[in-house]
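# Observations on the model geometry
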Amino acid sequence: MDSVSSASSLLSLAKLLCDAPEDDKDDEDVLHSSVNAMTPGTIGPVKEESAGTFQVKSENSKTIWNTEEVPEGFEYDDTWDPREQPEYEILFKQRVGTEDVFFGMSRKDHSTACCEDIVIKIKLPETKSSDITLDVQDKALDLRTPKKKLLLHLPYCVDSKNGKARFLSEEETLEVTLRVLREFDFINFG
């Protein structure tokens, strides 16, 4: 096998990849200019740049973004609203049977990946249950009262149609229980 010096191999590679006509420059000048200008973007044929034509694929020509680009629940986000955010707590709940506790027969563990429900406890002091407006979507919870406002982006997708909410008046707490929607896998199989 013949050994080729790196300078000559770079020169021949530059000649192969460049479509520029040969000038009367000597090989050393071409070698220095091609080595200095060689980047991963310069390898291969020269690409013609378009004249700035940019096409937007949009159903409505007046929209500036697609609805898929905006996270769910941001239509309720109002930074100018002076109401304060209430204290809240997110808990994860799972159904555990005797086969889980004593025998460990199911593949459930203590992580949130095995939980079936999300329980959100929101402290609402000096609030009546009739003053609460609650809207639950797949990835967001929006709560409004005359004094408090909470927009909460949920960590998992939930079943927004089949949730439970109860107001504990003696504790002044709203408790919202939502079923987590999961793909069936070896842990969550039914």
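Preceding this paragraph is the structure being described.
Overview of the structure. (Residues numbered from 1 in each chain as written. Predicted model: local features only at pLDDT ≥ 70, side-chain atom pairs only at ≥ 80, totals over all residues. Heavy atoms only, no water.)

A count of helical and extended segments in the chain gives 3 helices and 7 strands. In sequence order, the chain lays out its α and β elements as α-α-β-α-β-β-β-β-β-β. By sequence separation, contacts in the chain at least 24 residues apart represent 57% of the contacts at least 6 residues apart. With an accessible surface of roughly 14,800 Å², the chain has 53% of that area assigned to carbon and sulfur atoms. (Helix = DSSP H or I, 4+ residues; strand = E, 2+ residues; numbered from the N terminus. Contact = heavy atoms within 4.5 Å. Areas by Shrake-Rupley, 256 points an atom, 1.4 Å probe, with all protein chains shown as cover.)

All right, on to the nonpolar core then. I120, I122, L141, L143, L154, L174 and L178 are the most contacted members of the largest nonpolar core, which totals 16 residues. Excluding its chain neighbours within four sequence positions, the residues that come into contact with L178 are E116, D117, I118, I120, V136, L141, L154, V158 and G163. (Core = buried A, V, L, I, M, F, W, Y, C linked by side-chain atoms within 4.5 Å. Buried < 20%, exposed > 50% of the residue type's maximum accessible area, 1.4 Å probe, protein only.)

Moving on: the packing of aromatic side chains. Applying the stated rule across the entire model yields 1 aromatic pair. Seen from their ring centres, F92 and Y156 are 6.1 Å apart, and the 80° between their planes marks the pair as edge-to-face. Remark: Y156 occurs in the loop between β5 (149–153) and β6 (164–168) and F92 occurs in strand β1 (residues 88–93); sequence separation between them is 64 residues. You can call F92 partly exposed: its relative accessible area is 32%. Relative accessible area serves as the criterion here: at 25%, Y156 is assigned to the partly exposed category. (Phe/Tyr/Trp six-rings, centres within 6.5 Å; stacked < 30°, edge-to-face > 60°.)

So, on to the sheet that holds strand β7 (residues 173–179). One open sheet holds the 4 strands; their spatial order is β1-β2-β7-β6, and the pairing between them is antiparallel. The two strands at the open ends of the sheet, each matched to only one other strand, are β1 and β6. The average angle at which neighbouring strand axes cross in this sheet is 15°, direction not considered. Bridging between strand β2 (residues 117–123) and β7 involves 7 bridges; their strand directions are antiparallel. When the bridges of β7 are listed, D117 appears paired with R179. (Pairing = 2+ DSSP bridges. Axes fitted to C-alpha atoms, helices over the stretch in contact; angles between N-to-C directions.)

Moving on, we come to the pairing of strand β4 (residues 140–144). The buried fraction of β4 amounts to 5 of the 5 residues, a majority that puts the element mostly inside the structure. Hairpin connection, strand β3 (residues 133–136) to β4: the antiparallel pair is bridged by 3 residues. In the sheet, β4 pairs with β5 via 5 bridges, with the strands oriented antiparallel. Bridge pairing in β5 links L141 to L152.

On to the pattern of salt bridges, then. One pass over the full model with this rule turns up 5 salt bridges. A salt bridge links K148 to E84; the nearest nitrogen and oxygen atoms lie 2.5 Å apart. Linking K148 in the loop between β4 and β5 with E84 in the loop between α2 (27–36) and β1, this pair joins segments that are 64 residues apart in sequence. By relative accessible area, E84 is classed as partly exposed at 49%. (Salt bridge = Lys/Arg side-chain N within 4 Å of Asp/Glu carboxyl O.)

For the rest of this paragraph, the subject is the pairing of β7. The buried fraction of β7 is high, at 6 of 7 residues. Across 5 bridges, the pairing between β6 and β7 is antiparallel. The partner of A165 across the bridge, within β7, is V176. Hairpin remark: β6 followed by β7, antiparallel, with 4 residues in the connecting loop; positive phi at E172, about 55°.

In space, the 3 strands of this open sheet follow the order β3-β4-β5, with antiparallel pairing throughout. Each edge of the sheet is formed by a strand with only one pairing partner; in this case those strands are β3 and β5. For this sheet, the mean inter-axis angle between neighbouring strands, taken without regard to orientation, is 5°.

Further remarks concern the environment of L178. Residue placement: L178 occurs in strand β7. Note on L178: relative accessible area 2%, which makes it buried. Along the sequence, L178 and K93 sit 85 residues apart, while their C-alpha atoms lie 9.9 Å from each other.

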